[in-house]
Amino acid sequence: MTEPHGSAGERQTLQRAQALYDMARTLTDGPSEEELLRRVVTTVVNVLGVNRAVLLTLGEDMPRVEHFVVGGAGAVHVQRPTWQELAAGLTGWVLRERRVARSHAGQDDPRESPEALQRRRETVCGDIVVLPIMMKAHVFGTLTLINLPWGPSFTDDDVAWLEALVHQAAAAIQQERLIQKLQRHTLFDLRTGLPTRPLANDRIRQSLWHARRSATSFALLFLQLDPLYDAQSASSAQFRDALTIQVTQRLQDLPGAISTLAHWDDETFLIIAEDVPDEDHTFRVVNQVMNAFTEPFTIMEVPVPLPVTASVGVSIFPIDGQDMVALQKHAALALYNARHAGGGSAARFSPIVTDQERLAQQIAAALPGALERNELFLMYQPQLDAQRRFWGFEALLRWRHETLGLVPPDVFIPVAERNGLILPLGEWVTHQACRQLRAWQDGGYPNLHVAVNVSQVQLQHPEFVEQVEAAFRAAGLNGEQLELELTEQMVFQYSEAIEAKLCALRDLNVRLALDDFGVGHSSMQSLAQLPFDVLKLDQSFVRDLEGNARTQRIVKAIVDMAHDMEMMVVAEGVESAVQWQLTQALECDRTQGYLLSRPLAAEAVPAWLNLHGNGRGLSPLDF
């Protein structure tokens, strides 16, 4: 009995829908780019029964074929083409025009060169369809399908299904490449090529394993450049970058003394010297390092050679610590002592209590009463949106003690998190910021918002959502006027409990921002699952934008992906007009930084808003 035609069509539709569903599930596994391409080719061959399927992707920095995958019974006829051969054929036309090309059997196609047409005849080609693999205007590659001359023609339904498939592939390729860029940015400093802190920590673990296994010692050094007397030159980002690169080159040229050299932060290097038998040998290594600063440095912006000195702190395994945290802490304390001695010197860790440790003890003792003594206060840093209107302010916690003075937040907040004080402090900050926002609104600024930072301890508290709701409702605000900032490290220690809290906050219309994006180990899959409204680019991206095309491409990819996920992007740390112009060109939605304003006291905000016209149509270039 002959099956009705409609049943065959329905079966084909179901098969193709199932193939798209299976491909979508495959993509959630995070396959490598090459594995992804092979699965796409296999799917096309199995579903459409084509004679040949060819999928290629292009390199990001130059016109070359990155990956080249073929499938089907006729794959033997396919050879990897040169770039010139691609450009002369139908694939080249698709790459230039960025749209689908269909070419029918037995017809010369005017879009191909005579050489391409001859190759087509020699390899027994019938109907051909070539699709661009692209997201927005960016083309990653092409998918080419070829049937034999006596084979079936490609239908409109075929092409529509193929377009859906390559769109999935393009999204996955974009995500994979962005992840790779973020990992490179996270693990290696873009200026020097040196390992950054996450990779440096891994190197310390390797040194620990080697030393324990071989019963040897190793030295951990923190090297920090001392302040320069030429303060005007030192304030230039280009100058600091040039100096950092030259220091790196000198340290890399040291003869065999260093096992690992890493860029710890802006002006600090981490050095590991393995297999040091005693303290004398360690300080011979330290002397070699210090000798790298004997000759002055020649920097283009400075008319004469510039003397530069550095301070070094040293800890030795296993005497000064038997794990990574202890060795790092003790080397940092030794560095503090070397700098406190006047700079240009080295110091080894001493178990005697240091000034820095005494300060930490004083902070831990003084912090519990800070709220009652009214020593805590908020400063507010403005944010400008893409339409050059003031979006609102980020609330920043500050502490001024009568004897300790102004204590930096990166000093006292870790103490508060360790002793549990961050819970009442965080609740006070949220209530205070909401009350202040309402006061500004009542004073004639109704469209402002406020952003508040949240700690991991707060997020884990069982009543966190209720506390946030109580804060904005007590101030008479709506949830959408409040934005909570959470870091990557907090959120991507992923759990269902965290997801439930974030979803509950979204149900209250509270906006959620992922802070310092790009310096942690973000899971794009988790990011897509969690209800974030905003990504805040880490300041390192903004700092590296000027004159760095690679960083600009990374930021553009992040912005495009965030927009695809219906998230806004905030560029923080904008300090120059060029940085602001670049963030606008890369389509960031908001900007924040010293170019716009330093953090302001609450009472100074109305005058500042009035001075700048309440942000209507302004540019940071006006400030």
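The coordinates are above.
Residues numbered from 1 in each chain as written. Predicted model: local features only at pLDDT ≥ 70, side-chain atom pairs only at ≥ 80, totals over all residues. Heavy atoms only, no water.

Visitor: Which residues make up the packing of aromatic side chains, and what values do they have?
Guide: Under the counting rule described, the total for this entry stands at 7 aromatic pairs. Consider the rings of Phe 222 and Trp 264, whose centres lie 5.2 Å apart with planes at 50 degrees: the pair is tilted. Here the residue Phe 222 occupies a position in strand β6 (residues 218-225), and Trp 264 occupies one in strand β7 (residues 260-265), the gap between them amounting to 42 residues. One exposure class covers both Phe 222 and Trp 264, and it is buried. Arranged with centres 4.9 Å apart and planes meeting at 50 degrees, the rings of Phe 390 and Trp 608 form a pair that is tilted. You can see Phe 390 sitting in strand β12 (residues 390-401) and its partner Trp 608 sitting in helix α23 (residues 605-611), a full 218 residues away along the chain. Classification of Phe 390 as buried rests on a relative accessible area of 7%. The buried category is assigned to Trp 608, whose relative accessible area is 10%. One aromatic cluster is present, formed by Tyr 380, Phe 393 and Trp 440 through successive ring pairs. (Phe/Tyr/Trp six-rings, centres within 6.5 Å; stacked < 30°, edge-to-face > 60°. Helix = DSSP H or I, 4+ residues; strand = E, 2+ residues; numbered from the N terminus. Buried < 20%, exposed > 50% of the residue type's maximum accessible area, 1.4 Å probe, protein only.)

Visitor: Mind laying out the packing of helix α2 (residues 33-48) against helix α6 (residues 156-187), listing which residues take part and the relevant values?
Guide: Between α2 and α6, the shortest axis-to-axis distance is 10 Å and the interhelical angle comes to 170 degrees. For the element pair α2 / α6, the angle class is roughly antiparallel. Facing Glu 33, Leu 36, Leu 37, Val 40, Thr 43, Val 44, Val 47 and Leu 48 of α2, the residues of α6 in contact are Asp 158, Trp 161, Leu 162, Leu 165, Ala 169, Ala 172, Ile 173, Glu 176 and Arg 177. The residue inventory of the contact of α2 with α6, partitioned by class, reads 12 nonpolar, 1 polar and 4 charged. (Axes fitted to C-alpha atoms, helices over the stretch in contact; angles between N-to-C directions. Parallel < 35°, antiparallel > 145°, perpendicular 65-115°, else oblique. Contact = heavy atoms within 4.5 Å. Nonpolar A, V, L, I, M, F, W, Y, C, P; charged D, E, K, R; others polar.)

Visitor: A description of empty space enclosed by the protein should follow, citing residues and the corresponding values.
Guide: One pass over the full model with this rule turns up 2 cavities of 30 Å³ or more. Lining the largest cavity are Leu 423, Gly 426, Glu 427, Thr 430, Gln 458, Phe 464, Gln 467 and Val 468. Elements represented by at least two residues in the lining of the largest cavity include exactly α14 (422-442) and α16 (464-474). With 4 residues, the single largest contributor to the lining of the largest cavity is α14. By residue class, the composition of the lining of the largest cavity is 3 nonpolar, 4 polar and 1 charged. (1 Å grid on protein atoms, 1.4 Å probe; cavity = no way out; pocket = protein on both sides within 12 Å on 5 of 7 lines; lining within 4 Å. Points joined across faces, edges and corners; volume = space filled by probe spheres on them.)

Visitor: Lay out the side chain of Arg 191 with the relevant residues and their values.
Guide: Along the chain, Arg 191 turns up in the loop between α6 and α7 (197-214). The exposure class assigned to Arg 191 is buried, which follows from its relative accessible area of 18%. Only 2.7 Å separates the side chain of Arg 191 from the side chain of Asp 241, close enough to count as a polar contact. Once you skip the residues sitting within four places of it in the chain, Arg 191 turns out to touch Asp 241, Thr 244, Ile 245, His 263 and Asp 266. (Polar contact = N/O pair within 3.5 Å; in protein donor to acceptor, adjacent residues only side chain to side chain.)

Just distances and angles here, no functional claims.
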